[in-house]
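# Structural overview for review
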Amino acid sequence: MVSLLARLSLPGQRDPGTRPSRHAPVLAAAAAAAVTVLGLLGVGLASVVVQTLDPAGGLPVADSGRLAGQLWLLAQGGGVTLGSGPLVLAPLLLTMAVAWGLSSAGRGVVRACDLTGGRPLAAALAAAVGTHTLLSVLVGLLVDTQGAQVDLLRSAIGSAVLALFAVGWGTARDSGLLDDALDAAPGPVRPLLRAAAAGLLTAVSLGLLVVAVALAADTGGYAALSRSLGGSGAGAVGLLVLGVLLLPNAAAAAIGVAAGPGFAVGSGTLVSVHGVTLGAVPALPLLAALPDTQAVPLLAFASQVVPALAGLVAGTTLGRRLGHGGSVVAGSWGVLAGLLLGLACGLFAWVAGGSLGDGALADVGAPPVATGLAVALQAGVAAAVAAAVTRWRSLA
């Protein structure tokens, strides 16, 4: 995509005397705009198809497009105020897709213009972030209605932050700036970051497994919730897609349960290993994974191994990649890897949570601070032991 834009929009690149880096901001803006346009087209087309297949008629095409735009903004940290209150909950799978597109756009610009750092790289990053933010605000203005008012300030800030991190990551990675920074950093920074990333991936994967087991154990509840909402098979497909988009959010909630603090779905529903309180929840089939009784399910107790397993993976990764030091040094760094893993899990819980309205549904998700501290404590011990043992075996 970026290479095609470069050939169409930047004819001066064919002249050997022209510096491609001069065109980097233009190409970056065009690539960011392409991500927004293609993303909205994809989400909008899916929404229109689901509504069209509904024999009851579904929403008109214009309303389906407006719904897609609101979902696009929610995925980037935006907010929509409904009659029931503010809706602030990012479907994280869509968020990841947007971040991947922006990161790919940044990497494509670096390759097309041969950027290696400095002012041209900063100019391309600023152009991409500014374009993406401006388009998000325009989308917010277009999809704003009296019954669903878009929080333009929140949408602008969220889209700007997401673009800054995603495009910044892509440009820094392909320009070599990231490698230079890691090489210049003191201590085993690179192995520590790799270990924390491996531990986070393990925790999220195990969280998804917990959610899958909980849903499989109550397929009847899922079907009952789907039937209670009415509609046709197309409506069921739409609810299934929404549930898939929210799976990373559910994984963050499962990590909260595994770590100990649990998670909440409003003020009336709290699930943790210390007890279960059930209240009224939205009629979303994915919530069939919630316990059916006040008793703490066996799955919640079994999930408590997740922080330790994630810490073991982080420690093993660290022990294999350390370039110097013995087992004692590796164990010390393993504690830090566990702390970084706890910080990552806390941030994950923070972005996965939100609000589904006023009053009883104003707080949804796992508590970020408590979850991060609990994971850091458990994973730190496991990572220290795993790093020390792995390092000792590699030196033996």
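Residues numbered from 1 in each chain as written. Predicted model: local features only at pLDDT ≥ 70, side-chain atom pairs only at ≥ 80, totals over all residues. Heavy atoms only, no water.

## Here's the deal with the overall build of the protein chain
Counting secondary structure elements, the protein chain contains 15 helices and eight strands. Within the protein chain, the fraction of its 396 residues that count as buried is 44%. Accessible area of the protein chain: about 18700 Å², with a carbon and sulfur share of 70%. (Helix = DSSP H or I, 4+ residues; strand = E, 2+ residues; numbered from the N terminus. Buried < 20%, exposed > 50% of the residue type's maximum accessible area, 1.4 Å probe, protein only. Areas by Shrake-Rupley, 256 points an atom, 1.4 Å probe, with all protein chains shown as cover.)

## Side note on helix α5 (residues 119-143)
Taking 1.5 Å per residue as the helical rise, α5 with its 25 residues ought to reach 36 Å, and the 36 Å between its terminal C-alpha atoms agrees with that figure. Within α5 the residues assigned to the buried category are L121, A124, A127, A128, V129, T131, H132, T133, S136, V139, G140 and V143. (Expected span 1.5 Å × (residues − 1).)

## Here we look at the pattern of salt bridges
Under the criterion given, the structure shown has four salt bridges. Ionic pairing is found between D179 and R190, a salt bridge with its closest N-O pair at 3.6 Å. Of the two residues, D179 sits in helix α7 (residues 177-184) while R190 sits in helix α8 (residues 189-216), which places them 11 residues apart along the sequence. Using a relative accessible area of 26% as the deciding quantity, one classes R190 as partly exposed. (Salt bridge = Lys/Arg side-chain N within 4 Å of Asp/Glu carboxyl O.)

## Here's the deal with the sheet that holds strand β3 (residues 149-150)
Ordered in space as β3-β1-β2-β7, the four strands form an open sheet in which the pairing is antiparallel. At either margin of the open sheet sits one strand with a lone partner, and together these are β3 and β7 (355-356). As paired elements, strand β1 (residues 80-82) and β3 share two bridges and run antiparallel to each other. What sits directly across from T81, in β3, is Q149. (Pairing = 2+ DSSP bridges.)

## Overview of the sheet that holds strand β8 (residues 364-365)
Read across the sheet, four strands follow the order β6-β5-β4-β8 without closing on themselves; strand pairing throughout is antiparallel. The open sheet has two edge strands with one neighbour each: β6 (275-277) and β8. Inspection of the sheet shows strand β5 (residues 270-272) paired to β6 by three bridges, in the antiparallel sense. Within β6, the position partnered with S272 by the bridge is G275.

## Focus on the environment of A337
Mapped onto the fold, A337 is located in helix α14 (residues 327-352). Along the primary structure A337 and G380 are separated by 43 residues, whereas in three dimensions their C-alpha atoms are 6.8 Å apart. Apart from residues no more than four positions distant in its own chain, A337 is found in contact with L192, A195 and L318. (Contact = heavy atoms within 4.5 Å.)

## Re the nonpolar core
L102, V109 and L115 are the most contacted members of the largest nonpolar core, which has 33 residues in total. Secondary-structure elements contributing two or more residues to this core are α2 (24-52), α3 (61-75), α4 (92-113), α5 and α6 (152-175). Counting residues in hydrophobic clusters, the runner-up holds 18 residues, among them A252, I255, A259 and A374. (Core = buried A, V, L, I, M, F, W, Y, C linked by side-chain atoms within 4.5 Å.)

## Notes on the environment of A126
Looking at where A126 falls in the secondary structure, it is placed in helix α5. Sequence separation between A126 and A29 is 97 residues; the distance between their C-alpha atoms is 8.8 Å.

## Some words on the environment of L336
Tracing the sequence through the fold places L336 in helix α14. In the structure, L336 is positioned 21 residues away from G315 in sequence and 9.8 Å away in space, judged by C-alpha atoms.

## Focus: the pairing of strand β2 (residues 85-88)
Looking at chain direction, β1 and β2 are connected through three bridges and run antiparallel. Paired with V80 across the bridge in β2 is L87. In this antiparallel pair of consecutive strands, β1 and β2, the connection spans two residues. Judged from the two bridges that link them, β2 and β7 form a sheet pairing that is antiparallel. Bridged to V88 within β7 is S355.

## Here we look at the confidence of the model for the protein chain
Residues at a pLDDT of 70 or more form 87% of the protein chain, whose mean pLDDT is 84. This stretch, residues 4-18, has a pLDDT under 50; its non-local contacts, to residues over four places away or in other chains, come to 16 contacts. (pLDDT = per-residue confidence, 0-100.)

## Points about the side chain of H132
In this structure, H132 sits in helix α5. A relative accessible area of 0% places H132 in the buried class.

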